[in-house]
Amino acid sequence: MLPGEVNLPRKIFSSDGQVVNRLFTVLCKSSDSSLAQGFAEIVKDVQERWFGNRSLPIRCPNCGGSHVIGKGWRSRVLRTSRGRIELFVRQVRCKGCQRTFRPFNQALGLATSRRFLDEFIDKAIMLGIRVPFAYSARVMKELTCGTISAEGVRQQIAKKAHSISFSEQIAGETVLVDSTKVKAGKKQRGATVNLAVTAKRGPQRNGRSSIVKKLIHLNVGSTAALKHRLKTVKAQRVVHDGGEDYSDCACYVQRCRWHLVHQLKHYLWQDGIAWKNRAAYQDRLRQILWRPKQRPHQAESTLNNFIESLENSGLKTSAWHLRAAKKEALVFHNVEGFTFTTTTPLEREMRELNSRADVGARWSEKGIENVLKVLFHLRLNQTTQTIKGYA
């Protein structure tokens, strides 16, 4: 064989139109084998250099002594997306207490419990937060050279969720909050998921407006945790859909303008208004809330007149609905700084939430909270979305 030639099986080059596919497969296996060998050699060489550098004394974890002798190598196998890699870790023995230990485990990042490299775990987590755990395990087995069980995927997601901390820097931001039910816990109707994000307009990308969102809070259970969180971070502007009372959780609280119009339809039904006649009332409210050049006092006066007209028409429930929301309906007219006055950017995330939670089985509350926390941390805090924004 001449210099530079590669020794390849002859069957690869049979003229059946599959040469490039077979060649790629063979070379991938060869490169994976070379990667494993080179990786192990470098890790071993690094430890030899550390062990030979006596200016960095090795302390016994048992007695604290620094007089140690080499005691060979211990094999460690790590699972990666490129296959199983066998590494060798230096062992030493303390002359004082005779304890044998591995001094470089911490420096190498090879804790005793480690079985996977982070790159493999990250891929498993990215799958596990979007599709069922069992399916994630099958995909990892089929598309990589490593394997992990469905329970292993669940444990890695739980571990990742435990390490996530929410952002505390929301000064001047507009916080959007919402809640929804998921099939979790012991109650038949399920458990409540509370979600809060900040949202502001991002740069133009490919001719479309982008929205930069950051996860502020997520919990499964009572909304008390969400309200406590808003008070803790001293939220200035909050936008919500009216499902809960957030009046004491922020300096300025705005009701979602879209939900005010949409919810009016339900109250008109309770007042006996026929379906075909409800749109006229909704259009009138929409004009009041969205009139662009309307002064604050004019908007409030127009809204009061609309509420009075509803009462005079005998639509008591609809009038009660708007009167209860009136205090928070036009806050954006008097207070500057609201980047959004609807929860539209958050509704996109709620669809993503429901898509992952609705798996046809009942979750544990902690289990679905872990999955959603990691999902939205990676989706919002680690990336910038390019989607069309609405005010």
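Here's a quick rundown of the structure. Computed from a predicted structure; not experimentally measured.

Observations concerning the overall build of the chain
Then step 1. For the chain, the count of helices and strands is 13 helices and 8 strands.
Then step 2. For 391 residues, the compact-globule estimate of 2.2 N^0.38 gives 21 Å, and the C-alpha radius of gyration of the chain, at 30 Å, exceeds that figure by more than 25%.
Then step 3. With respect to the principal axes defined by its C-alpha atoms, the chain has extents near 95 × 70 × 45 Å.
Then step 4. When each of the 391 residues of the chain is scored for burial, the buried share is 41%.
Then step 5. Summarising the internal contacts of the chain: among those between residues at least 6 apart in sequence, 61% fall at separations of at least 24.
Then step 6. Counting every atom, the chain has about 22400 Å² of accessible surface; 50% of that belongs to carbon and sulfur.
Then step 7. Looking at the chain, you have 66 positive and 32 negative side-chain charges, and the mean spots of the two groups are 4 Å apart.

A few points about the pattern of salt bridges
Then step 1. Applying the stated criterion across every chain, the model contains 17 salt bridges.
Then step 2. Among the ionic pairs, R154 bridges to E151, the shortest N-O distance being 2.6 Å. Note that R154 and E151 are positioned in helix α5 (residues 150–162) at a spacing of 3 residues, about one turn of the helix.
Then step 3. On the basis of relative accessible area, R154 is assigned to the partly exposed category, the value being 36%.
Then step 4. Between E349 and K213 there is a salt bridge, with the nearest N and O atoms lying 2.7 Å from each other.

A look at the packing of aromatic side chains
Then step 1. In total, this model carries 4 aromatic pairs according to the counting rule given.
Then step 2. Ring centres 5.5 Å apart and planes at 10 degrees place the aromatic pair F116 and F120 in the stacked group. Comparing F116 with F120 shows no difference in burial state: the two are buried.
Then step 3. The interplanar angle of 85 degrees and the centroid separation of 6.2 Å between the aromatic rings of F133 and W363 together place this pair among those described as edge-to-face. In this pair, F133 sits in helix α4 (residues 133–143) while W363 sits in the loop between α12 (344–357) and α13 (365–381), placing the two residues 230 residues apart along the sequence.
Then step 4. With a relative accessible area of 18%, F133 lands in the buried category.

Quick look at the packing of helix α7 (residues 257–270) against helix α10 (residues 316–329)
Then step 1. Remark: α7 packs on α10, axes separated minimally by 8 Å, with the N-to-C direction vectors making an angle of 155 degrees. The angle between α7 and α10 falls in the class roughly antiparallel. Considering how the two elements wind past one another, α7 and α10 form a crossing that is right-handed. For the pair α7 and α10, the contacting residues are L260, Q263, L264, Y267, L268 and Q270 in the first and T317, S318, W320, H321, L322, A325 and A329 in the second.
Then step 2. Taken together, the residues of the contact of α7 with α10 sort by class into 8 nonpolar, 5 polar and no charged.

Regarding the side chain of T198
Then step 1. Of note, T198 is situated in strand β5 (residues 191–201).
Then step 2. With sequence-adjacent residues up to four places away left out, T198 is seen in contact with I170, E173, T174, V175, V212, K213, K214 and I216.

Procedures and definitions
- Residues numbered from 1 in each chain as written.
- Predicted model: local features only at pLDDT ≥ 70, side-chain atom pairs only at ≥ 80, totals over all residues.
- Heavy atoms only, no water.
- Helix = DSSP H or I, 4+ residues; strand = E, 2+ residues; numbered from the N terminus.
- Rg over C-alpha atoms; globule rule 2.2 N^0.38 Å.
- Buried < 20%, exposed > 50% of the residue type's maximum accessible area, 1.4 Å probe, protein only.
- Contact = heavy atoms within 4.5 Å.
- Areas by Shrake-Rupley, 256 points an atom, 1.4 Å probe, with all protein chains shown as cover.
- Lys, Arg positive; Asp, Glu negative; His and termini not counted.
- Charge placed at Lys NZ, Arg CZ, Asp CG, Glu CD.
- Salt bridge = Lys/Arg side-chain N within 4 Å of Asp/Glu carboxyl O.
- Phe/Tyr/Trp six-rings, centres within 6.5 Å; stacked < 30°, edge-to-face > 60°.
- Axes fitted to C-alpha atoms, helices over the stretch in contact; angles between N-to-C directions.
- Parallel < 35°, antiparallel > 145°, perpendicular 65-115°, else oblique.
- Left-handed = near helix turned anticlockwise from the far one by under 90°.
- Nonpolar A, V, L, I, M, F, W, Y, C, P; charged D, E, K, R; others polar.

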